[in-house]
Amino acid sequence: MKFLCVDCDQQMSFGERQLPGDGTLAATFKCPKCGRVVAMLTNPMETQLVSSLGVEIGGRTVPAQPLENVRKMVATGREDAFEDGKRETGHVQWSPDAQERLGRVPNFVRGMVKRIYADYARERGIAEITPAIMDTARAELGLEGM
Ligand SMILES: [Zn+2]
């Protein structure tokens with residue numbers, strides 16, 4: 001995971017990272033050219049998603065923590081899950097709006113995010129995922145930002 005300063009087209013350098021132990025992760029990145037600093041803050045579930053994917057933050061992989069369900073999802077959440085999702089997600093359909101919104105999810109988590117929404121819809125007998133369904137699922141599952 002890297003951050004780019006859009007103004008300078010410079011890769012931002014890792015500043016500091018905190019793992020307070022409650023699963024929250026905070027990392028800062030600084031642009032070496034203009035000095036702009038951005039911070040990334042994730043909630044425990046998001047931290048776990050990132051950890052499980054083995055994404056290196058600041059040059060070191062965040063230690064994995066036990067959260068078996070998420071890890072299982074991640075283990076099967078491949079990049080191509082979007083393409084072969086029909087087979088794996090049964091009859092759940094995605095509205096064009098929902099597909100467009102899913103398309104804005106970063107590549108490295110898209111398959112997994114799609115699976116989370118598809119599972120959510122299937123469990124509730126929802127035939128088509130729409131942006132409204134995504135909002136509801138996100139609120140219920142605590143997936144702010146996805
Ligand atoms: Zn800059």
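For the structure, check the block above.
Just so it is clear, the model here is predicted, and its values are computed rather than measured.

Rules behind the numbers
- Residues numbered from 1 in each chain as written.
- Predicted model: local features only at pLDDT ≥ 70, side-chain atom pairs only at ≥ 80, totals over all residues.
- Heavy atoms only, no water.
- Helix = DSSP H or I, 4+ residues; strand = E, 2+ residues; numbered from the N terminus.
- Contact = heavy atoms within 4.5 Å.
- Areas by Shrake-Rupley, 256 points an atom, 1.4 Å probe, with all protein chains shown as cover.
- Core = buried A, V, L, I, M, F, W, Y, C linked by side-chain atoms within 4.5 Å.
- Buried < 20%, exposed > 50% of the residue type's maximum accessible area, 1.4 Å probe, protein only.
- Donors = N, O, S within 2.8 Å, 3.2 Å for Na, K, Ca; no water.
- Phe/Tyr/Trp six-rings, centres within 6.5 Å; stacked < 30°, edge-to-face > 60°.
- Salt bridge = Lys/Arg side-chain N within 4 Å of Asp/Glu carboxyl O.

Colleague: What's the story with the overall build of the chain in this structure? I'm lost.
Modeller: For the chain, the count of helices and strands is six helices and nine strands. Within the chain, contacts between residues separated by at least 24 positions form 47% of all contacts whose residues are at least 6 apart in sequence. Surface exposure of the chain reaches about 8,400 Å², of which carbon and sulfur atoms provide 52%.

Colleague: Would you mind going over the nonpolar core with me for this structure?
Modeller: As a rule of thumb, nonpolar side chains are buried together in soluble globular proteins. Core analysis: the biggest nonpolar cluster contains 17 residues, and W94, V113, Y117, I129 and M134 have the highest contact counts within it. Looking at this core, the elements with two or more residues in it are α4 (96–102), α5 (107–123) and α6 (131–141). It is α5 that provides the largest number of residues to this core, a total of seven residues. One finds C8, M12, F29 and C31 within the second-largest nonpolar core, a separate group that totals seven residues.

Colleague: Would you mind showing me how to read the coordination of the zinc ion here?
Modeller: By definition of the ideal shapes, four donors in a tetrahedron about a metal sit 109.5 degrees apart, and six donors in an octahedron sit 90 or 180 degrees apart. Looking at the zinc ion, one finds its protein donor set to be C5 (SG), C8 (SG), C31 (SG) and C34 (SG), positioned 2.2 to 2.4 Å from the metal centre. Mapping the donors of the zinc ion onto the primary sequence gives the spacing C-x2-C-x22-C-x2-C. Of this pair, C5 sits in strand β1 (residues 4–5) while C34 is found in the loop between β4 (25–30) and β5 (37–42), placing the two residues 29 residues apart along the sequence. Judged by relative accessible area, which is 44%, C34 ranks as partly exposed.

Colleague: Just to check I follow, could you spell out the packing of aromatic side chains for this structure?
Modeller: Each pair of aromatic rings is reported with the distance of its centres and the angle of its planes. Scanning the entire structure with this criterion turns up one aromatic pair. An angle of 75° between the planes, with centres 6.3 Å apart, marks the rings of W94 and Y117 as edge-to-face. Of this pair, W94 sits in strand β8 (residues 93–94) while Y117 sits in helix α5, and the two are 23 residues apart along the sequence. The exposure class of W94 is buried, given its relative accessible area of 9%. By relative accessible area, which is 1% here, Y117 ends up buried.

Colleague: What exactly am I supposed to notice about the pattern of salt bridges here?
Modeller: Where charged atoms from two side chains of opposite charge come close, those side chains can pair. Following the criterion strictly, the structure yields seven salt bridges and no others. Of the charged contacts in the structure, one is a salt bridge between D135 and R101, with a shortest N-O distance of 2.6 Å. Of this pair, D135 sits in helix α6 while R101 sits in helix α4, and the two are 34 residues apart along the sequence. On the basis of relative accessibility, which here comes to 36%, the residue D135 falls in the partly exposed class. In this structure, a network of salt bridges that share partners links the residues R101, D135 and R138.

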